[in-house]
Amino acid sequence: MRIDSLILRTAVRLVLPLTLLFAVYAAIKGHNGPGGGFIAGLITAVGLCTYRMAFGQRAFFRLLPTHPRWLVFAGLSVAAGVAVIPLLRGDPLLRSGSTTLHLGGEGLHLVSAMAFDLGVLLVVVGVAIGMITRLGEELDP
Amino acid sequence: MVGVPEATDHNGAVISVAPTFVLVAIGAPVVAGLATLLMPRGRTALRVLLATCGPLASLLFLGAHLWRYGVASNEEGTTAIEWVPSVHLDLGFLVDGLATFFALLVAGVGVLIVLYARAYFGDDGPSLARFFPTLGFFTSSMLGVVLADHLLLTVLFWEATSVSSFFLIGWDREDDNAVKQAMQAFVTTGLGGLSLLGGVLLLGDATDTWRWSELVAGAAGIGSGGTVVAAFILIFIGAASKSAQWPFHYWLPGAMLAPTPVSAFLHSATMVKAGVFLLGRLLPVFGLLSIWLPVVVAFGAVTMLLGAVLALRQHDLKLIFAYTTVSQLGLFTCMYGLGGAANGHGGAAIDWDLSQIASHALYKAPLFLVAGALAHRVGARRLPELFGLWRRRVPGARLLVVVLLAAGYALAGGPGTVNFVAKELFFGAVHHAAGSHPLLVVVAVMAVLTAMCNVAIAVRLTATVFGWRTGVDDEGIEPVIESHVHDRWGSLLWLPAAGLVALQYVGGLVPPLWNSAFRRIEVNANDVAFADGLPWLWEPFLHPGVPLAMSVAAIVLGVALGCSSRWRGEVADVHDRIYPASYRLVLRRGHRAFHMFQTGRLRNYLVLMFSMLLLSISWAAWIDPSMLRLPDGVAPFESLTGLLLGAVVCAAAIALPLVTERVVRVMVLGASGFAVVGLYLVYQAPDLALTQLMFEIISVILFLLVLRLLPRLDRRPRISPVPRLVFAALIGITIGWMTLLAGHAAEQRNGDAASLGEFFEEHSLEGSELTNGRGGEGRNIVNVILVDFRGFDTLGEITVLATAALGVWSMLPGRRRHEDDQGDASGQATPVVEVGS
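Just so it is clear, the structure is predicted and the values come from calculations on it, not from any experiment.

A.B. asks: Would you mind going over the overall build of chain A with me for this structure?
C.D. replies: Within chain A one finds 5 helices and 2 strands. The order of α-helices and β-strands along chain A, N terminus first, is α-α-α-α-β-β-α. The principal-axis extent of the C-alpha atoms belonging to chain A is close to 55 × 35 × 20 Å. Classification of the 141 residues of chain A by burial places 41% in the buried group. Here the contacts in chain A between residues at least 6 apart in sequence split such that 66% fall between residues at least 24 apart.

A.B. asks: In this structure, what is going on with the nonpolar core? I would like to understand it.
C.D. replies: Soluble globular proteins tend to pack their nonpolar side chains together in the buried interior. If you look at the biggest cluster of nonpolar residues, it comprises 219 residues, and the most contacted ones within it are Ala103(B), Leu147(B), Val370(B) and Val430(B). Among the elements that make up this core, the one with the highest residue count is helix α3 (residues 97–121) of chain B (20 residues). The contacts of Val370(B), once residues within four sequence positions are left out, are Leu400(B), Val403(B), Leu404(B), Ala407(B) and Ala497(B). Val46(A), Leu76(A), Leu795(B) and Ala802(B) belong to the second-largest nonpolar core, a separate cluster that totals 53 residues.

A.B. asks: I keep staring at the packing of helix α16 (residues 397–412) of chain B against helix α19 (residues 495–509) of chain B and nothing clicks. Help me out?
C.D. replies: Axis angle and axis distance: for two packed helices, these are the angle between their axes and the distance between the axes, and together they describe the pair. All names here are of chain B. At their nearest, the axes of α16 and α19 sit 10 Å apart, and the two run at 35 degrees to each other. Crossing hand, α16 versus α19: left-handed. Residues Val403, Ala406, Ala407 and Ala410 of α16 lie in contact with α19, whose contacting residues are Ala497, Ala498, Val501 and Gln504.

A.B. asks: Would you take a moment to explain the domain arrangement of chain B for this structure?
C.D. replies: Reports of interface size often rely on the accessible area that becomes lost once the parts have come together. For chain B, the assigned domains are domain 1 (294–481 + 492–595) and domain 2 (599–629 + 716–744). Between the C-alpha centres of domain 1 of chain B and domain 2 of chain B there is a distance of 66 Å.

A.B. asks: Explanation requested: the packing of helix α25 (residues 640–655) of chain B against helix α26 (residues 662–682) of chain B in the structure shown.
C.D. replies: All names here are of chain B. Packing of α25 against α26 brings their axes to within 9 Å, and their N-to-C directions diverge by 165 degrees. What the angle tells us is that α25 and α26 run roughly antiparallel. Helix-helix and strand crossings are classified by hand; for α25 and α26 the assignment is left-handed. For the pair α25 and α26, contact is made by Thr641, Gly642, Leu645, Gly646, Val648, Val649, Ala652, Ala653 and Ala655 and by Val668, Ala671, Ser672, Ala675, Val676, Gly678, Leu679 and Val682, respectively.

A.B. asks: Explanation requested: the interface of chain B and chain A in the structure shown.
C.D. replies: Between chain B and chain A, the contact holds 40 residues from the first and 44 residues from the second. Only α27 (686–709), α30 (781–789) and α31 (791–811) of chain B provide two or more residues apiece to the side of chain B that touches chain A. A class-by-class count of the residues in the side of chain B that touches chain A yields 26 nonpolar, 8 polar and 6 charged.

A.B. asks: In this structure, what is going on with the confidence of the model for chain B? I would like to understand it.
C.D. replies: Close inspection of predicted coordinates is inappropriate for parts of the model with low pLDDT. All names here are of chain B. Counting all residues, the mean pLDDT for chain B is 82, and 89% of those residues have values of 70 or more. Low pLDDT, under 50, characterises residues 1–15; the predicted model gives this stretch 22 contacts beyond four residues in sequence or across chains. Residue range residues 817–837 is modelled with pLDDT below 50. Its contacts to residues more than four positions away, or to other chains, number 18 contacts. Overall fold confidence (pTM) sits at 0.74, and the ipTM for the predicted complex is 0.91.

A.B. asks: Would you explain α30(B) in this entry?
C.D. replies: An α-helical turn contains 3.6 residues, so a residue and the one three or four places further along point in the same direction. Burial runs high along α30(B): 7 of the 9 residues are buried. All of the buried residues in α30(B) are Val782(B), Asn783(B), Val784(B), Leu786(B), Val787(B), Asp788(B) and Phe789(B). Where the residues of α30(B) are buried, they touch α2 (37–55) and α5 (112–139) of chain A together with α27 and α31 of chain B.

A.B. asks: Looking at this structure, I do not really get the environment of Ala406(B). What am I missing?
C.D. replies: Residue and element names in this part refer to chain B. Residue position: Ala406 is located in helix α16. Note on Ala406: 22 C-beta atoms within 10 Å, which makes it buried. A C-alpha to C-alpha distance of 9.3 Å links Ala406 and Pro366, two positions 40 residues apart in sequence.

A.B. asks: Is there a simple way to explain unusual backbone geometry in this structure?
C.D. replies: Glycine aside, negative phi is the norm for most residues, and most peptide bonds take the trans geometry. Residue and element names in this part refer to chain B. With an omega of 5 degrees, the peptide bond running from Trp246 to Pro247 counts as cis. Of note, Pro247 is situated in the loop between α8 (226–242) and α9 (251–254). Backbone geometry at Asp208 places phi at a positive 60 degrees, although glycine is not the residue there. Positive phi, close to 60 degrees, is recorded for Gln684, a residue that is not glycine. By the secondary structure assignment, Gln684 is in the loop between α26 and α27.

Criteria and cut-off values
- All residue numbers here refer to positions counted from 1 along the written sequence of the relevant chain.
- For this description, chains carry letters from A and ligands carry numbers from 1, given in the order in which they are written.
- Only residues with pLDDT of at least 70 get local features here, since the model is predicted, and only at 80 or more are side-chain atom pairs given and counted; chain-wide, interface and lining totals rely on the full set of residues.
- Strands are runs of DSSP state E lasting at least two residues, helices are runs of H or I lasting at least four, and both sets are numbered from the N terminus onward.
- Using C-beta atoms placed from the backbone, we call a residue buried if 20 or more other C-beta atoms fall within 10 Å of its own, exposed if 12 or fewer do, and partly exposed for counts in between.
- Think of it this way: build a C-beta for each residue from its backbone, and any pair within 7 Å is a contact.
- The term nonpolar core refers to a group of buried residues, namely Ala, Val, Leu, Ile, Met, Phe, Trp, Tyr and Cys, whose C-beta atoms join them within 7 Å.
- As a rule, the C-alpha atoms of each element are fitted with a line to give its axis, helices using only the stretch in contact, and angles between N-to-C directions run from 0 to 180 degrees.
- Left-handed is the label given to a crossing in which the near helix is rotated counterclockwise from the far helix by less than a right angle, and right-handed is the label when the rotation is clockwise.
- What marks off one domain from the next here is an automatic or database domain assignment.
- Orientation categories follow fixed angle ranges, with anything under 35 degrees roughly parallel, anything over 145 roughly antiparallel, 65 to 115 roughly perpendicular, and all other angles oblique.
- Ten residue types, Ala, Val, Leu, Ile, Met, Phe, Trp, Tyr, Cys and Pro, are classed as nonpolar, four, Asp, Glu, Lys and Arg, as charged, and the remainder, Gly among them, as polar.
- Confidence of the predictor at the level of single residues is given by pLDDT, which spans 0 to 100.

Structure representation (structure tokens):
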């Protein structure tokens, strides 16, 4: 499933960093503005898929040297961890906590739900990329 | 973690118990067992020593507890650690006489079994390495069962004994039959465990007490309502299945495929005694129910006689002892059943029950141990093969025969053993109870017949090993005597058995010793004749009565039967067919039911799922007709752009079934999706629009990929399009309507109607008393809903996603790892996915 096109390759080279940057922005901004882990994950996946279309399987593996299942594993672990930690304090499952980080200037308000969102992001990226690359391999090994 | 135990007061009355002692006693065997895994390979001696420490520690701690705190009355429980108080489950223990006795029995026999196992398994390192942790697990669970005070804790440990005994019975993993029998035992006792759980829940719910101690204390007020009777019946089924009562007794002889140490442990002192123990626990609780006496006595008596008759007609030593165990368990059940009857002197017809149970363990364990030792040393376990063993020159065999016959004499209940008095006690109880319940005369006769069978078995055993004419001999089958090489542990094959059986004679010949040990823990001593404990050997003969007459009759008849040639051949138990038959039935019906739903066609699954959805929603609408009204505040013609986009979505949906090419279908589906993106934008939901956009891209890519892998669609569906269209339209309309309702759902609270949207708008950043003062601490409502309000759903959803990905990866195994070795990837089968259209 590779599209051999110089224009696409050049464009992707420029667009992919921007896409990933936008995904990071969406993930961090998500709790207060448009965005969130799910969207960020999808954006990342779309970006990576385009890269794979432009450069092919091998280049893609160089970009992402592990099997996507490790992303899924990590994401689920993070999400489950965030869900379980409140139990240790005697709170109900998934009770969120928050803290404000002062790095000079305006304080950065961190909510534990953001870590949960990160887990969601990783799972979404892993699943989407994993399925697409796997099915793509089936078509042109 | 543990409260300071209160000491006894000066009168010696028991005040409390020390939970630490009990916790250590329960935990020690499994901890020591697991610790043996850390021992280096080959250091068997070290391993055995460590494994012995487990039950030994239990024994010592329980002994110390008994010495320091004495025996609690059965109304005093204690809580060591609060575990899950909300479901009435704490680590609470009840160390009364019954529990102390059983715990000491389990731990004591446990020590001997560990030592015996060393001799039995020989230097077989791997086998021993696997054995000790499993045995430790089992011992600990068993100790837990007898010491637990909380009803649910009992059930928990009860199940643990089922699980661990499954491993022990199916020890020989290569032997299919052993594994099958282990399954049979597990399923039977496991189902009994479920019944026990049901009974316990009913009982706890009906009485609102979740501890045995409180139940005993409030036994008078328990009443005899339907729930209590149902609870009793369910709990009794649990106890009966564990204690191998008819008709569940089939699992016990089947479990004889286990290695002998396991059989000896499970069937003399532990597993099967759990049911007997439970009956002992229940007696003060349910003993006054009118249903107690008939039910418990009937099942016990039937099992007792059936087991004895079947035991007489076996030739394999282990099977003989297995069926005598069944018989004896029936007797114990009967014994506790009689506890619900009066003995005519103002007490219950039950005396020194713990002595009777101890007596059984003290001869049954040696019998099993010797049977295993004979198989080990002589290579023979069947009666015909053992014919004339005494005269053969097999090293060490005579010693085993002496122990076997000593234990056999105890089995017969010969004078001079504890078991003789135990039989007297039981006969006495039946005799007394029969005074008030004439029907129990039948049970008395059955008891005599049972004792007769036991005597006959002992007689036949003796005649066989000495090679007398009345012994069992199959016309000179010369057994193959394997000569085993023995190490210095060899004496452990007979020492534990000899030690245990010696206690039978010590207790029988010098009863004061026995009494001094048991007086403190026996609760049921009602008959004046036995008020001081077991009598001296001659006392029954000085004051002869009906019980002695029954004993004499049993012995005379038994000797006659043993010498005669009647009932000599082997028979199979007809009940052995129960389990295989029900197993096959379940498999066959289950197979049919499975194929009814699992057709392997996606279309059928979808129809099933959507039908259920339609049904449940229609049902809801039938209950609450307001669901059919258009909710307030719906303004369908508010925005022209919205209308147009909606029209695009509808058009795409209608076009979908009309096009035949799959790729075009995907495109059409994509068009509808992108129109929805536009809708989100129109109604100012940038978040959703972005998500939907990304999702549409990904899903179109995925669809195109999958479709290229699918076989060509050349087969037309058999069902005509009209019903499918109607069904699809119904689903679409229903789900659309539900979405509309959900969007306008309002919650009536304190008179203010707030729609869900307003609620989340209010609470996504800061909380109010509606949300226990907590908000989502975020301004993006959608995201806050996802990760906070409905975080649990999201967790579930990403798990589903991950599972789906796992499915793709496992159904289409990756080729990446083949890249290095350049294996031929073309050999892989193309996956076949069948989809309905």
